[in-house]
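Chain by chain, the residues run as shown.
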Amino acid sequence: MYKKVISTLFIGSIVLTLAACGNGQNTQSETPLAKVNETAPLKKSNNTSYKTIYQHSVFLGDSITEGLSYHDILDESNVVAGAGTTTELSLEGGDVDKLAERNPQHVFIMLGSDDILLPPQVTDNPKQYSLKFYAKLIDSIKEKLPKASITVLPVTPVTAEAEKVEERYKNINDYNEGLKELASKKQVGFVDLSSIFADSQNLHSSDGVHFKPEFYSRMLDLLKDRVK
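Reading the values: the criteria
- Residues numbered from 1 in each chain as written.
- Predicted model: local features only at pLDDT ≥ 70, side-chain atom pairs only at ≥ 80, totals over all residues.
- Heavy atoms only, no water.
- Helix = DSSP H or I, 4+ residues; strand = E, 2+ residues; numbered from the N terminus.
- Contact = heavy atoms within 4.5 Å.
- 1 Å grid on protein atoms, 1.4 Å probe; cavity = no way out; pocket = protein on both sides within 12 Å on 5 of 7 lines; lining within 4 Å.
- Points joined across faces, edges and corners; volume = space filled by probe spheres on them.
- Nonpolar A, V, L, I, M, F, W, Y, C, P; charged D, E, K, R; others polar.
- Core = buried A, V, L, I, M, F, W, Y, C linked by side-chain atoms within 4.5 Å.
- Buried < 20%, exposed > 50% of the residue type's maximum accessible area, 1.4 Å probe, protein only.
- Pairing = 2+ DSSP bridges.
- Right-handed = clockwise from strand over helix to strand, strands pointing away.
- Axes fitted to C-alpha atoms, helices over the stretch in contact; angles between N-to-C directions.

## As for the side chain of Ser 69
Here comes step 1: Relative to the helices and strands, Ser 69 is located in helix α4 (residues 63–70).
Here comes step 2: Once you skip the residues sitting within four places of it in the chain, Ser 69 turns out to touch Leu 74, Asp 75, Glu 76 and Val 79.

## A closer look at the layout of surface pockets
Here comes step 1: Estimates place the volume of the largest pocket at around 380 Å³.
Here comes step 2: In terms of lining residues, the largest pocket is bounded by 18 residues, among which Val 155, Ile 172, Asn 173, Asn 176 and Asp 192 are the most central.
Here comes step 3: When its residues are assigned to classes, the lining of the largest pocket shows nine nonpolar, four polar and five charged.

## Quick notes on the nonpolar core
Here comes step 1: In this structure, Phe 59, Ile 109, Tyr 134, Ile 141 and Met 219 are the most contacted members of the largest nonpolar core, which totals 54 residues.
Here comes step 2: No other element matches the six residues that helix α7 (residues 126–144) contributes to this core.
Here comes step 3: Not counting residues within four places of it along the chain, the set of residues in contact with Ile 109 comprises Leu 60, Tyr 134, Leu 137, Ile 138, Ile 141, Ile 150, Thr 151, Val 152 and Leu 153.

## Comments concerning empty space enclosed by the protein
Here comes step 1: Throughout the structure, instances matching the rule amount to one cavity of 30 Å³ or more.
Here comes step 2: Class assignment for the residues of the lining of the largest cavity results in five nonpolar, two polar and one charged.

## Focus on helix α10 (residues 213–223)
Here comes step 1: If you check which residues of α10 are buried, you get Pro 213, Phe 215, Tyr 216, Ser 217, Met 219, Leu 220 and Leu 223.
Here comes step 2: Tucked into the core, α10 has its buried residues touching α3 (48–53), β1 (57–61), α4 and β3 (106–110).

## Notes on the pairing of β3
Here comes step 1: Of all five residues making up β3, five are buried, and the element is well covered by its neighbours.
Here comes step 2: Across the two faces of β3 the burial is the same, with His 106, Phe 108 and Met 110 and Val 107 and Ile 109 all buried.
Here comes step 3: Alignment of β1 against β3, held across five bridges, turns out to be parallel. In the sheet register, Gly 61 faces β3, and the bridge partner there is Met 110.
Here comes step 4: One ladder, built from four bridges, connects β3 with strand β4 (residues 149–152); its direction is parallel. Paired with Phe 108 across the strands is Thr 151, a residue of β4.
Here comes step 5: This β-α-β element, β3 to α7 to β4, shows right-handed connectivity.

## Focus on the sheet that holds β1
Sheet strands associate in pairs through backbone hydrogen bonding, adopting either a parallel or an antiparallel arrangement.
Here comes step 1: Strand order across the open sheet formed by five strands is β2-β1-β3-β4-β5, with parallel pairing between neighbours. The sheet is open, and its two borders are formed by β2 (79–81) and β5 (189–190), each paired with just one other strand.
Here comes step 2: Contacts between helix α6 (residues 95–102) and the sheet are confined to β1, β2 and β3, with β2 contributing the most and set at about 175 degrees to the helix.

## Details of the environment of Thr 86
Here comes step 1: In this structure, Thr 86 sits in the loop between β2 and α5 (87–92).
Here comes step 2: Residue Thr 86 is classed as buried on the basis of its relative accessible area, which comes to 0%.
Here comes step 3: In sequence terms Thr 86 and Ile 116 are 30 residues apart; their C-alpha atoms lie 9.2 Å from each other.

## Details of unusual backbone geometry
Here comes step 1: Positive phi values are uncommon outside glycine, yet Asn 103 reaches one of about 50 degrees.
Here comes step 2: Inspection of the secondary structure assignment puts Asn 103 in the loop between α6 and β3.
Here comes step 3: Asn 103 gets classed as exposed once you look at its relative accessible area, which sits at 55%.
Here comes step 4: Phi angles above zero are rare outside glycine, and Gln 187 is one such case at about 60 degrees.
Here comes step 5: Here Gln 187 lies in the loop between α9 (172–186) and β5.
Here comes step 6: Residue Gln 187 is classed as exposed on the basis of its relative accessible area of 72%.

## Considerations on the environment of Pro 213
Here comes step 1: In this fold, Pro 213 is placed in helix α10.
Here comes step 2: Taking the C-alpha atoms as reference, Pro 213 lies 8.9 Å from Asp 72; in sequence the two are 141 residues apart.

If you want it as structure tokens, here you go:
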């Protein structure tokens, strides 16, 4: 009964729940991408190659993942994402059915940045709570799309300033270790994105959480081998 109540809370009011996180500070889940991304979307002509390379792929995630279509780097048909999406909300909100309808050959999952911000009213162990639903999400995708390859992507880092505003972002590395272990257990792919940030410190948007178009281009370059 408790699980059903919490699920209903997530599906009905996830944005309001996350808005209460961080002692009233704004998080990435409650801010429209148009406001946090001060850089205008790239022109279509600059992204033709990515759209061709990833035409049989779908990226599943939250507002960070949504940046792929917001910046017009990939078509909306290749992205299933939305602000405030957690692993539980994705699993119980119909995202797997949306994936199945599009029947991709490759699925990239990029969730968790909202999960680590779950308040004590929901769980006192956001990592454990999240990974439980993450595992079920992977199983559900495998059931619906048995021939598709699945690749798990880690929660992306935030700036030092953003971490000062929301201390729970300090748990990102620990959460990602859990993701890596889960991917190994479920026998799906896992790609470390840390190399993207090795030689560039100016990929974040003004909120220190979301990203400029250059980040997505670098990420897709790194993932090319996964779609061959």
